[in-house]
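# Descriptive structure summary
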Amino acid sequence: MNKVIAVLSTLDTKGTETGFLREQIRALGCEPLVIDIGVVGTAGIAAEVSRAEVADLGGKSLADLLLNPTREEAGPIMVQGATKLLLDRIEQGTVHGVLGLGGTQGTTSSCDVMAMLPYGFPKIMVSTLASGDTSNFVGIKDITMMFSVSDILGLNPVTRKILANAAAAACGMAQSSSTLTVEKTEKPLIGMSNLGVLTRGTIEALKYFEEKGYEVIVFHAVGSGGRAMEQMMKEGIIGAVFDYAMGEIADDVWKVLRAGGPERLTVAGKMGLPQVLCPGGAEHLGILVDHNVVPDAYKNHKYVFHSPAVFVPRLKADEMIRVADDICQRLEHTKGNAVFMLPLQGVGTYSYPGKILHDPESDEAFFARLREKLPSTIELVEKDTYAEDPEFVKEAVDRLIGLIEGG
């Protein structure tokens, strides 16, 4: 059976371009499934799935949407309808990739649909917005963004080549025999958070887990990474957690670069998943700045530049207490099956004894607050060492394996 590529498009404004994409997909030996997510205007070409069908699947008739059409009302209906259609066909094995094209509205709607599709399912978005900040569109899903260069209004030599490349990319992805499958076994896939200030420890942990027969997926804890880890717990991909990095919590308190959002550090506890926790990297913030410029608000802090554009101030004692309070509040959902590992000589490379952000007074304020407020359902283990000490890491790994195999 030929692979089927779904194409999300507003055919009132993108009919010609979508027709060209359809031809390219067919020429590559795949079958196009054009889904019209437009509402107002006349479709430039016929779709395999009409806008009326999409609206019905979204819970409202197209006729009702057209009585007083607004993007605020129509957008969510069409997204919901296209999402339902694609999820059903993915489950049936009758669609194998999705390709969207659009400007502001088309990118928003198409990416909203793609965000609801499974990890690993091919998702490509050809967009006029793809050379800017795409974080609001990609979010925490594996969406490939392709910059259209020109506006998607009419065909020209550049547009034809870019759309042909997009069709080839979608068909190539769909042809891959690799699948994202996680079998339910006695050894679940482990999710692990990491930051650059913990990488040596993460490498040690990966070795230990591999020796014990476990696979690990590591997430860069810069906001999107932690959120993706939480989402994969909810989707049943991840079955146990080594939450080694908590810089996303510190940054969330100050709403800066690595902010993990309100759900971060809550999902494993709510689901009762085995988890070992360490507040790695929680003693500093990550702040985007003009190259090598120290913000006025942090000139009285110890600091370092992680890169010319990422400023890293050490948090003072009173600020560390705020971080500890936030961690403990998030962990109130955890009713057991959890161990909190506390490395008393430092929670990251920058703050070990003799390093540029070392501050024992701030550390002790942080540790004291954690001792005071950490939920009693979580076992607290204190070690007189640093977060990347191989022995500390090995004990953390052993404790997580003990929770998994002992539970």
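The notes below deal with the structure included here. (Residues numbered from 1 in each chain as written. Predicted model: local features only at pLDDT ≥ 70, side-chain atom pairs only at ≥ 80, totals over all residues. Heavy atoms only, no water.)

Before going further, it helps to spend a moment on the pairing of strand 6 (residues 190–194). Here strand 6 lies mainly inside the structure; five of its five residues are buried. The two faces of strand 6 match: Ile190, Met192 and Asn194 on one face and Gly191 and Ser193 on the other face are all buried. Of the pairings in the sheet, the one linking strand 6 to strand 7 (residues 216–220) comprises five bridges and is parallel in character. Bridging across to strand 7, Ser193 finds its partner in Phe219. With helix 8 (residues 199–211) bridging strand 6 and its parallel neighbour strand 7, the resulting β-α-β unit is right-handed. One ladder, built from three bridges, connects strand 6 with strand 8 (residues 240–245); its direction is parallel. (Buried < 20%, exposed > 50% of the residue type's maximum accessible area, 1.4 Å probe, protein only. Helix = DSSP H or I, 4+ residues; strand = E, 2+ residues; numbered from the N terminus. Pairing = 2+ DSSP bridges. Right-handed = clockwise from strand over helix to strand, strands pointing away.)

In space, the five strands of this open sheet follow the order 2-1-3-4-5, with parallel pairing throughout. Only two strands of the sheet have a single partner each, and these edge strands are strand 2 (31–36) and strand 5 (144–147). Averaged over all neighbouring strand pairs, the angle between strand axes comes to 20°, with direction disregarded. The pairing of strand 4 (residues 123–127) with strand 5 spans four bridges and is classified as parallel. In the sheet register, Val126 faces strand 5, and the bridge partner there is Met146. (Axes fitted to C-alpha atoms, helices over the stretch in contact; angles between N-to-C directions.)

Attention now goes to the nonpolar core. Looking at soluble globular proteins, one finds that nonpolar side chains tend to be buried together. One finds Phe209, Phe242, Tyr244, Val276, Val397 and Leu400 to be the most contacted residues of the largest nonpolar core, which totals 34 residues. Of all the secondary-structure elements, those providing two or more residues to this core are strand 6, helix 8, strand 8, strand 9 (275–280), strand 12 (310–313), strand 13 (338–343) and helix 14 (390–406). Broken down by element, the residue count for this core peaks at eight residues, all from helix 14. For Val276, the contacting residues outside a window of four places in its chain are Val241, Phe242, Asp243, Val339, Met341, Ala396, Arg399, Leu400 and Leu403. Judged by nonpolar contacts, the second largest core, of 33 residues, contains Leu8, Leu33, Val39 and Met125. (Core = buried A, V, L, I, M, F, W, Y, C linked by side-chain atoms within 4.5 Å. Contact = heavy atoms within 4.5 Å.)

Read these as layout, nothing more, since geometry by itself doesn't imply function.
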